Every structure is written in structure tokens, then in C-alpha cells.
Amino acid sequence: MRRLIILLALLTVAGCSTKFAYRNAGWLTYWYLDDYISLTDEQTSRFDERLQLWLSWHKVEELDKYIAHLKQIKADVQAGKMSVQRIAYHQKTLRSHWHRVRNKLAPDLAKMAPMLTQEQSEAFFSELAAFELESIKKRQKYSEQKRKQRWLNKREDNLERWLGDLNDTQEKMIAALYDHQQDTGDLRSQYRADYQRQLKRLFTQPDRGKQFEMRLLTLLTEPEQVRTADLDRRIKDNRQQSDQFLAAVYQSLSDKQRRHLVEELEALIDDFTSLKSE
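Here we summarise the structure given alongside this text. (Residues numbered from 1 in each chain as written. Predicted model: local features only at pLDDT ≥ 70, side-chain atom pairs only at ≥ 80, totals over all residues. Heavy atoms only, no water.)

### Concerning the packing of helix α5 (residues 84–112) against helix α10 (residues 210–221)
Then, number 1: Following both chains from N to C, one finds α5 and α10 inclined at 150°, their axes separated by 9 Å at the closest point. Taken together, α5 and α10 sit at an angle that is classed as roughly antiparallel. Here α5 runs over α10; the crossing is right-handed. Contacts from R102, N103, A106, P107, L109, A110 and K111 of α5 reach α10 at E213, L216, L217, L220 and T221.
Then, number 2: For the contact of α5 with α10, the per-class residue count stands at seven nonpolar, two polar and three charged. (Axes fitted to C-alpha atoms, helices over the stretch in contact; angles between N-to-C directions. Helix = DSSP H or I, 4+ residues; strand = E, 2+ residues; numbered from the N terminus. Parallel < 35°, antiparallel > 145°, perpendicular 65-115°, else oblique. Left-handed = near helix turned anticlockwise from the far one by under 90°. Contact = heavy atoms within 4.5 Å. Nonpolar A, V, L, I, M, F, W, Y, C, P; charged D, E, K, R; others polar.)

### Let's talk about the side chain of E62
Then, number 1: Tracing the sequence through the fold places E62 in helix α4 (residues 41–79).
Then, number 2: Judged by relative accessible area, which is 1%, E62 ranks as buried.
Then, number 3: When sequence neighbours within four positions are dropped, the list of residues in contact with E62 reads W57, H97 and R100. (Buried < 20%, exposed > 50% of the residue type's maximum accessible area, 1.4 Å probe, protein only.)

### Here we look at the pattern of salt bridges
Then, number 1: Summed over all chains, the structure comprises 20 salt bridges.
Then, number 2: Of the charged contacts in the structure, one is a salt bridge between E62 and R100, with a shortest N-O distance of 2.7 Å. Here E62, found in helix α4, pairs with R100, found in helix α5; they are 38 residues apart in sequence, far enough to count as distant.
Then, number 3: When its relative accessible area of 24% is taken as the criterion, R100 is described as partly exposed.
Then, number 4: We note a salt bridge from E266 to K74, for which the minimum N-O separation is 2.9 Å. Of the two residues, E266 sits in helix α12 (residues 255–277) while K74 sits in helix α4, which places them 192 residues apart along the sequence.
Then, number 5: Taken together, the salt bridges that share partners define one network made up of D230, R233, R234 and D237. (Salt bridge = Lys/Arg side-chain N within 4 Å of Asp/Glu carboxyl O.)

### Points about α4
Then, number 1: For α4, with 39 residues, the first-to-last C-alpha span of 54 Å sits near the 57 Å given by 1.5 Å per residue.
Then, number 2: Where α4 ends, the next residue or the one after it, G80, has phi of about 70°, a positive value. (Expected span 1.5 Å × (residues − 1).)

### Some details on the packing of α5 against helix α11 (residues 229–251)
Then, number 1: The contact between α5 and α11 brings their axes to 9 Å, and the two run at 120°. Considering the angle they form, α5 stands oblique to α11. The two elements α5 and α11 meet at a crossing, and its hand is right-handed. Residue-level contacts link V84, I87, A88, Q91 and R95 of α5 to R239, S242, D243, Q244, L246 and A247 of α11.
Then, number 2: Residue composition of the contact of α5 with α11, by class: five nonpolar, three polar and three charged.

### Some remarks on the nonpolar core
Then, number 1: Core analysis: the biggest nonpolar cluster contains 60 residues, and V77, L163, L216 and F272 have the highest contact counts within it.
Then, number 2: Here the element with the most residues in this core is α4; it accounts for eleven residues. (Core = buried A, V, L, I, M, F, W, Y, C linked by side-chain atoms within 4.5 Å.)

### Some remarks on a negative patch on the surface
Then, number 1: A cluster of acidic residues, D157, E160, D165, D168 and E171, forms a negative patch on the protein surface.
Then, number 2: Mapping E171 onto the fold places it in helix α8 (residues 168–180).
Then, number 3: According to the relative accessible area criterion, E171 is partly exposed, its value standing at 32%. (Patch = residues over 30% accessible without salt bridge, like charges linked within 9 Å, V, L, I, M, F, W, Y side chains within 5 Å. Areas by Shrake-Rupley, 256 points an atom, 1.4 Å probe, with all protein chains shown as cover. Lys, Arg positive; Asp, Glu negative; His and termini not counted. Charge placed at Lys NZ, Arg CZ, Asp CG, Glu CD.)

### Structural notes on the environment of E264
Then, number 1: If you trace the backbone, E264 turns up in helix α12.
Then, number 2: With a relative accessible area of 24%, E264 lands in the partly exposed category.
Then, number 3: Along the sequence, E264 and G164 sit 100 residues apart, while their C-alpha atoms lie 9.9 Å from each other.
Then, number 4: For E264, the residues in contact, after removing those within four places along its chain, are R161 and W162.

And the structure:
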């Protein structure tokens, strides 16, 4: 269920195919959900009813917030106000978009969860465990140098989407950021395992009454409580390093890159504005 919330958040925020994802969020959700659990006709009907309400809520309540935030970013870019503090503000605001989606969906999911049979619950957690094991094996398969190169490529691709071609100095900035980032891979893997273990323990209990619903709601809306203090510290440090990196990249932008960034922001604003009017 946590992965479902993440999926819906991703489908309804930004991406290279924002309109496609948003317009097809319904079947994309079922396509993803089918990898983890098979619902009965009654469960599908109940879920579809809630899904349509979630999507309607998102269109009415959230798109305006995204548009307003993107306009803020655009204004800051054009006014030259992309300081470390301002970037930290925008990053925090981006996370708040995701938190609102999570907090909207979680109560409904907690109420629907008792509909799952024991067999469905076991199948669900079995699939989650298999997915996590595959992720661990994939991570262990790569050497440190290979992991670094994949990380650098991902960062470069992301920046190029927003800025266009990068110069040598900006590529060196990305490499320097990698050297300052603290590794969280193993700690995140342990966090996911601990989180899934708590969820599974909850679903194995025969009583799925009010206490079950309240505990599940807490796990869905406050998953960070399961993280270790070490992981929290590393995430915080990495965010600070990333904010400083983005501020330095902004200061290094050419006029062409700045125009490209503004054009990308305007295109996303136009996408969300168009979707809201459909």
C-alpha cells in the first residue's frame, strides 16, 4: 500500500510525460498494482471508487498548488534568487506536495485494508520481499566504480533535462557532490525491510478492528518513524550538500541554460494548467 501511494504521487507530479501519466493514472495504477496483489471483483469496485475520488481531489485541490510553486521557482530563477536557503525552501515545498497526497490516501487505504484476505496479504508481502531481494542483488552486482558511474549519469541526465548541455565545470560539480554524499544504500534497504516487517506483523493479526486501522494509518503516514537515527542524519546531511550543489550550479548557468530552465518550467506550468481545465 505504501508503494501504491508513492505511485500515485509520482503519476500526479512531474515527469517527462506528465500529461500521459495524469490522463492514464487509473489504468497505470492497476497495471502496477497487479504486480503485487490480485483483487476480487468487489475489492476492485471499492478501490476504483476511491481511486476516482482521489484523482478528482488531486485535480481540484493540488494542481493549483503545483502551478503556484512552479511559478515561484520561475520567478526566483529570473530574479537571481536561487540561494542555498531558497533552494532548501523549494525542496521542502516539493516534499510537502508528496506528503499531502500520502495523508489524503492513507486513511482510505487503512479503512479498505481489512478487506484483504490472509492469502492476499501473504502474497502481497511475498512479492514485496522478492522485489527488495532483487534490488539488493542488483546493487551488490555492481562494483563501487560502476555504482558511482550510474549515479553520475543519473545526475547528469536530470540536470540536462532542465538545463540542456552541461559544461565541464558543471560535470565536475556533480563528481564533487558524489564524493561528499554519504552512502545510504544499505541503511535504506534495512529501513525498507524493517518497515515491511512491521506491516506484515500487523496484517498477520486476526483482529483487524479499530486498533489495526489506527496502527496501519500511523505506518502509512509516518514511515519515517521506522528509520534509524543514522539514516536520518545521513539523509539530512545529503540534502544540505545537495542544496549547496544546486545553488552553485545555478550560479554557473549560462544565459542559454537559464533560458532553457525557464522554458522547461513554463512547459510544466502549461501542462498542469491544461490538465486542470480538462
